[in-house]
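The residues making up each chain are set out below.
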Amino acid sequence: MKCDLISPGNKKSLALHRREICAVGSWLLEHGYIVSTEGNISVRLSGDRVLTSPAGCSKGWMSPSHLVVTDMDGRKISGSHSPSSELAMHLLIYRLRPEVNAVCHAHPVVATGFAAAAEPLNKAILCEMVVALGTVPLARYGTPGTPELTAALEPLVTHYDAILMSNHGVVTYGTDLLSAFHRMELVEHYAHVSLVAAMLGKQSLLSSGDVEKLLAARPRYGVTVPEPDDTDILVVADEPEPALFHQGSHLRGDDREDPKR
């Protein structure tokens, strides 16, 4: 995999966007995040258009000519293939997050295992993940390719950059395609470390004080995150037992909730 196949930013020619989506498709396949015709990728274009991967095609073997251009209502503008059957999920994210310019959906094995077990990634076990993502919430199940799926995601999209989809997979997004893909990598890494720690018999959690310092350091690392809501909770290692830490409370100066209430 050559990382220089994709450059940061979203102001690029249509031809370059096409090549970069194909590159990300091959990365998802190489990482084992998709098999067969799974997954979908898109970028926001100028003029209220979206460039998306096609339906029924291996995302790891796409060519630029396979990609489809649609409008923001999902109507095809150009392309010989049908757009992704889950394009509505991408369009929802673009509507709710004007700063987002790329979306990746895949089924990485460990993170999808957490989604299938109805387990969010919400434990403060890795300092890097607290800074980069905080909590990765779990959306309720919605049938793929139907309004159920977008309805399940809608309450979470404005508050998170990565979401586990119950019994389905993961969706991540960012200001450009590179950041959307990197967040997919981060979610799977977070899930893998969480699983290994659980298998070893102990997940050693960071304290609320540790988490507060990490959240305060985000600007120093150039990390910006959506405005948190009251569900944005990390499980931390406060004594005498694990507690719930509201990331939104850190920013608003509220008291942390007692997990026993």
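K.L.:
Outline the overall build of the protein chain, listing residues and values.
P.N.:
When helices and strands are counted, the protein chain shows 8 helices and 10 strands. Across the 261 residues that make up the protein chain, the buried fraction comes to 52%. Partitioning the intrachain contacts of the protein chain with sequence separation of at least 6 by distance along the chain shows that 63% fall at a separation of at least 24. Counting only carbon and sulfur atoms, one obtains 55% of the accessible surface of the protein chain, whose full area is about 12,000 Å².

K.L.:
Residue-level account of the sheet that holds strand S7 (residues 162-165), with values.
P.N.:
Overall, mixed pairing links the 8 strands, which are arranged S4-S3-S2-S1-S5-S8-S7-S6 in an open sheet. Since the sheet does not close on itself, it has two edges, and those belong to strand S4 (76-78) and strand S6 (138-139), each with one partner. Strand direction decides the pairing type here: S7 and strand S8 (residues 169-174), joined by 4 bridges, are antiparallel. Residue pairing in the sheet places Ala162 in a bridge with Thr172 of S8.

K.L.:
Go over helix H6 (residues 177-199), please, and point to the residues and values.
P.N.:
The first and last C-alpha atoms of H6 sit 33 Å apart over 23 residues, in line with the 33 Å expected at 1.5 Å per residue. At the exit of H6 stands Gly201, carrying a positive phi of roughly 100 degrees.

K.L.:
Pulling in residues and values, what's your account of the pairing of strand S3 (residues 68-71)?
P.N.:
Alternating positions in S3 separate into two faces, Val68 and Thr70 on one and Val69 and Asp71 on the other, with burial throughout. Inspection of the sheet shows S3 paired to S4 by 2 bridges, in the antiparallel sense. The residue bridging Val69 from the neighbouring strand is Ser78, located in S4. Between S3 and S4, which pair antiparallel and follow one another directly, the connecting turn spans 4 residues, one of which, Gly74, has a positive phi of 85 degrees.

K.L.:
Got a sec to walk through the pattern of salt bridges? Specific residues and values, please.
P.N.:
Summed over the entire model, instances satisfying the criterion amount to 6 salt bridges. Two residues, Asp73 and Arg75, come together in a salt bridge whose shortest N-O distance is 3.2 Å. Note that Arg97 and Asp161 form a salt bridge whose closest N and O atoms lie 2.8 Å from each other. One end of the pair, Arg97, is in the loop between helix H2 (87-96) and strand S5 (102-106); the other, Asp161, is in the loop between helix H5 (147-157) and S7, with 64 residues separating them in the sequence. The two residues Arg97 and Asp161 agree in class, both being buried. Ionic contacts of the salt-bridge type, sharing partners, join the residues Arg97, Glu99, Asp161 and Arg183 into one network.

K.L.:
Let's hear about the nonpolar core: which residues, and what values?
P.N.:
Counting residues in hydrophobic clusters, the biggest one holds 52 residues, and the most contacted among them are Val24, Leu28, Leu164, Leu177 and Val187. Per-element accounting of this core gives the leading share, 8 residues, to H6. Ranked by size, the runner-up nonpolar core spans 20 residues in total, among them Met72, Met89, Leu156 and Met165.

K.L.:
Report on unusual backbone geometry, specifying residues and quantitative values.
P.N.:
With phi around 60 degrees, Ala118 is a residue other than glycine that occupies positive phi space. Among the secondary structure elements, Ala118 is positioned in the loop between helix H3 (109-116) and helix H4 (127-132).

K.L.:
Before we move on, could you go through the pairing of strand S1 (residues 40-45) and cite the residues and values that matter?
P.N.:
Burial analysis of S1 places 6 of its 6 residues in the buried class, which makes it a mostly covered element. One ladder, built from 4 bridges, connects S1 with S5; its direction is antiparallel. Its bridge partner lying in S5, Ile41 is registered against Cys104. Where S1 meets strand S2 (residues 49-52), 4 bridges bridge the pair, whose relative direction is antiparallel.

K.L.:
Any chance you could break down the confidence of the model for the protein chain for me, citing the residues and the numbers?
P.N.:
When pLDDT is averaged across the protein chain, the result is 90; 88% of the residues are at 70 or more. Counted against residues more than four places away or in other chains, residues 250-261, with its pLDDT under 50, gives 22 contacts.

K.L.:
Quick rundown of the packing of helix H1 (residues 14-30) against H6? Include the residues and the values.
P.N.:
Running from N to C, H1 and H6 point in directions that differ by 10 degrees, and their axes come no closer than 11 Å. Viewed along their axes, H1 and H6 adopt a mutual orientation that is roughly parallel. The residues of H6 that touch H1, namely those facing Glu20, Ile21, Val24, Trp27 and Leu28, are Leu177, Leu178, Phe181 and Met184. Class assignment of the residues belonging to the contact of H1 with H6 gives a composition of 8 nonpolar, no polar and 1 charged.

K.L.:
Tell me about helix H7 (residues 208-216), residues and numbers included.
P.N.:
Along H7, the positions that sit buried rather than exposed are Ser208, Val211, Leu214 and Leu215. Buried residues in H7, looked at end-on, bunch into an arc of 120 degrees, giving them a common side. H7 presents Lys213 and Ala216 as exposed residues on the side facing more than 90 degrees away from its buried surface.

Analysis parameters
Residues numbered from 1 in each chain as written. Predicted model: local features only at pLDDT ≥ 70, side-chain atom pairs only at ≥ 80, totals over all residues. Heavy atoms only, no water. Helix = DSSP H or I, 4+ residues; strand = E, 2+ residues; numbered from the N terminus. Buried < 20%, exposed > 50% of the residue type's maximum accessible area, 1.4 Å probe, protein only. Contact = heavy atoms within 4.5 Å. Areas by Shrake-Rupley, 256 points an atom, 1.4 Å probe, with all protein chains shown as cover. Pairing = 2+ DSSP bridges. Expected span 1.5 Å × (residues − 1). Salt bridge = Lys/Arg side-chain N within 4 Å of Asp/Glu carboxyl O. Core = buried A, V, L, I, M, F, W, Y, C linked by side-chain atoms within 4.5 Å. pLDDT = per-residue confidence, 0-100. Axes fitted to C-alpha atoms, helices over the stretch in contact; angles between N-to-C directions. Parallel < 35°, antiparallel > 145°, perpendicular 65-115°, else oblique. Nonpolar A, V, L, I, M, F, W, Y, C, P; charged D, E, K, R; others polar. Arc of directions from axis to C-beta.

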